[in-house]
Each structure stands twice: as structure tokens, then as C-alpha cells.
Amino acid sequence: MSKLYVVGTPIGNLGDLSPRAVETLGSVDFIAAEDTRVTLKLLNHFGIKIEMVSYFEHNKRERGEEIINRIKSGESCAIVTDAGMPAISDPGEDLVRMCHEEGVEVESVPGPTAFATALAISGMNTGRFTFEGFLSVSKKSRREHLEELVSEKRTIVFYEAPHKLSATLDDMLKYFGNRNIAIVREITKIHEEVIRTTLEEASARYHEEKPKGEIVLIIEGKKEEENDIPFDEAVKKAQKLVEGGMSINNAAKELAGVTPYKKGDIYKALL
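Only a predicted model underlies this, so the values are computations on that prediction, with no experimental measurement involved.

How each quantity is defined
Residues numbered from 1 in each chain as written. Predicted model: local features only at pLDDT ≥ 70, side-chain atom pairs only at ≥ 80, totals over all residues. Heavy atoms only, no water. 1 Å grid on protein atoms, 1.4 Å probe; cavity = no way out; pocket = protein on both sides within 12 Å on 5 of 7 lines; lining within 4 Å. Points joined across faces, edges and corners; volume = space filled by probe spheres on them. Helix = DSSP H or I, 4+ residues; strand = E, 2+ residues; numbered from the N terminus. Nonpolar A, V, L, I, M, F, W, Y, C, P; charged D, E, K, R; others polar. Buried < 20%, exposed > 50% of the residue type's maximum accessible area, 1.4 Å probe, protein only. Contact = heavy atoms within 4.5 Å. Pairing = 2+ DSSP bridges. Axes fitted to C-alpha atoms, helices over the stretch in contact; angles between N-to-C directions. Polar contact = N/O pair within 3.5 Å; in protein donor to acceptor, adjacent residues only side chain to side chain.

Q: Teacher, can you tell me more about the layout of surface pockets here?
A: Space left empty within the atom packing is revealed by a probe, the size of a water molecule, rolled over the atoms. When its volume is computed, the largest pocket comes out at roughly 710 Å³. Lining the largest pocket are 27 residues, with A83, A114, F134, Y159 and E214 sitting closest to its centre. Of all the secondary structure elements, the ones that give two or more residues to the lining of the largest pocket are strand 7 (155-160) and strand 10 (215-219). Split into classes, the residues belonging to the lining of the largest pocket amount to 12 nonpolar, seven polar and eight charged. As for the second largest pocket, its lining consists of 21 residues, and the residues nearest its centre are F176, G177, N178, E233 and K237.

As C-alpha cells, this is what we get:
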């Protein structure tokens, strides 16, 4: 039947591709892949020979329309990403939305998802969490994103690339303070690793150490007792926000919102 199948692929171990995913990839008319070279390795491993088209961030609008037109004409398509579930921090999100808008049926063929798997093995609080994807490379957008999360009480989950890890940990330490963090890398691979530490220790460690593999960062939310910090500590936290690019006025307002102290008193101390 003509539809879009959203197919989860392994995040490291090819043995994690489900039998249903193998069957689906082998039976559709064509596959929309983030990187056809990566997907070809997967298909070759399972002896699947199916037409592929590239679908990624920079061609998603034009290629998305082509894919939908083919499905409407009676073909079936499976969308895959390089690893994990399509449409999670991935341009597949746009194709799924377009399908719903155009009345094209969408069916799930679930598979591994990095952030959920990382949470499960992190030992951090998983009762409530917020998934924040990748931080922007734009300094302004990055700062605004972190500012929004300063008072977040739920566990916070990010994706990060290894070459950006050190700078990201430095920024997180500035905005969140010295919270606990789990750094999960190489999930399902031979060197799978969970590093439970603090932001301060992690920031220092990765100035020297250069990690490999895609990384999931899991940071504890703001604790209630942070409201009871001494006034000079509140001012120090506000100063870190200012050093990170926040205005004095906004930094004073932010700390006044999570401590017993008045905005005006914190503002004067910062001046």
C-alpha cells in the first residue's frame, strides 16, 4: 500500500535492526536516506537491493515534494536516517509533517533512539525530562537556548558532536552551575561508555581529552534547594550569566526568580 514508513535504524550495532524493519526496507518501492552511502552499508549487510534517493537538510523541501508525489502515484517509501529514528532532531520531521498535510498515510516501524537509550543507562532521574536536541552554533541562539533552561527542574538531554563537546560543557557550566551530568557515548558499540560526573569536572577533563563518537549529555534539573543559596552565591551565579552574554538586568531578574532576593539588590551588586 502506498504510504510513508518511518523506519528506525541501528545507532551503532547492526544487530539492532528489527526483523520488521528488514522486511519493510526490502518491500518498499524506494528509500529516502539522509546519506545514501551510510544506508547502502546497512542494506548490503542484509542483502537488500532497493532504489534510494537522498533526503537531507539542504534538499528537504524540493525532494520532499518529489517523494510525496511518488507516494500519491501509488509507490511506498521508507525514510531512514543515518542512525536512530527519523524525524528526531532530523529533517525527516518536515517530510512527516508534509505527508500529514497532504493526506499521505504515515506508519511507524520503530527502532533505537539515542536519547531514550542514553537516559535508560545513565542512572539519572528519568521520571520527567526535556529533550533539547543540538545547541545552535550561533552564539546568540545558543545563549538564548541555555538561558531558557536555567530554571528547568526536569532532567535535560542534549545531543552533541565530539569536536564541540569542550565548548558546550564550558557554556553549560556558566549557565547551569556545577550540576551532575552523565556523558553517554558510543551507544551499542564496543566502547559504549557512561561517564557520571559534574559539569565542573567534565569541563576540565575535556579541555585535555578529545572524545570520539556521537554523544548524549544528560544534566540534572535545577534543585529546589538552589533557592536557599547565600546572597553572594546568587550574585556569582548572576555574574556568570553576564559573562556568558546575558545583560545585567536580565541576569538579576533570572536570579531573583529562583532565589529569595530582590532583583534590585542583585542588580546593584553586579554593578
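Anyway, onward from the coordinates.
Q: Explanation requested: the side chain of E152 in the structure shown.
A: On the secondary structure map, E152 appears in the loop between helix 6 (139-149) and strand 7. By relative accessible area, E152 is classed as buried at 16%. In contact with E152, not counting residues within four places along its chain, are T130, R179, G221 and K222.

Q: Explanation requested: unusual backbone geometry in the structure shown.
A: Note on backbone geometry: most residues besides glycine have negative phi, and most peptide bonds are trans. The phi torsion at A87 lies on the positive side, around 80°, for a residue other than glycine. Position of A87 relative to the elements: it lies in the loop between strand 4 (77-80) and helix 4 (92-101). By relative accessible area, A87 is classed as partly exposed at 24%. In this model, S89 sits at a positive phi of 50°, which is unusual for a non-glycine residue. Looking at the element boundaries, S89 is found in the loop between strand 4 and helix 4.

Q: Got a minute to help me understand the sheet that holds strand 8 (residues 180-185) in this structure?
A: In any sheet, the strands associate via hydrogen bonds between backbone groups, in a parallel or an antiparallel arrangement. The sheet built from five strands is open, its strands ordered 6-7-10-8-9 with mixed pairing. Taken across any chain shown, the strands that pair with only one partner, and hence form the sheet edges, are strand 6 (129-134) and strand 9 (193-198). The average undirected angle you get between the axes of adjacent strands in this sheet is 20°. Sheet analysis places strand 8 next to strand 10, joined by five bridges and oriented antiparallel.

Q: Sorry, what's going on with the environment of Y55 here?
A: Among the structural elements, Y55 can be located in the loop between strand 3 (51-54) and helix 3 (60-72). Put simply, Y55 and E34 are 21 residues apart on the chain and 5.1 Å apart in space, counted from C-alpha to C-alpha. Every residue in contact with Y55, bar those within four places of it in the chain, is listed here: A32, A33, E34, K60, R63, G64, I67, I79, P91, G92, D94 and L95. At 3.2 Å, the side chain of Y55 forms a polar contact with the backbone nitrogen of L95.

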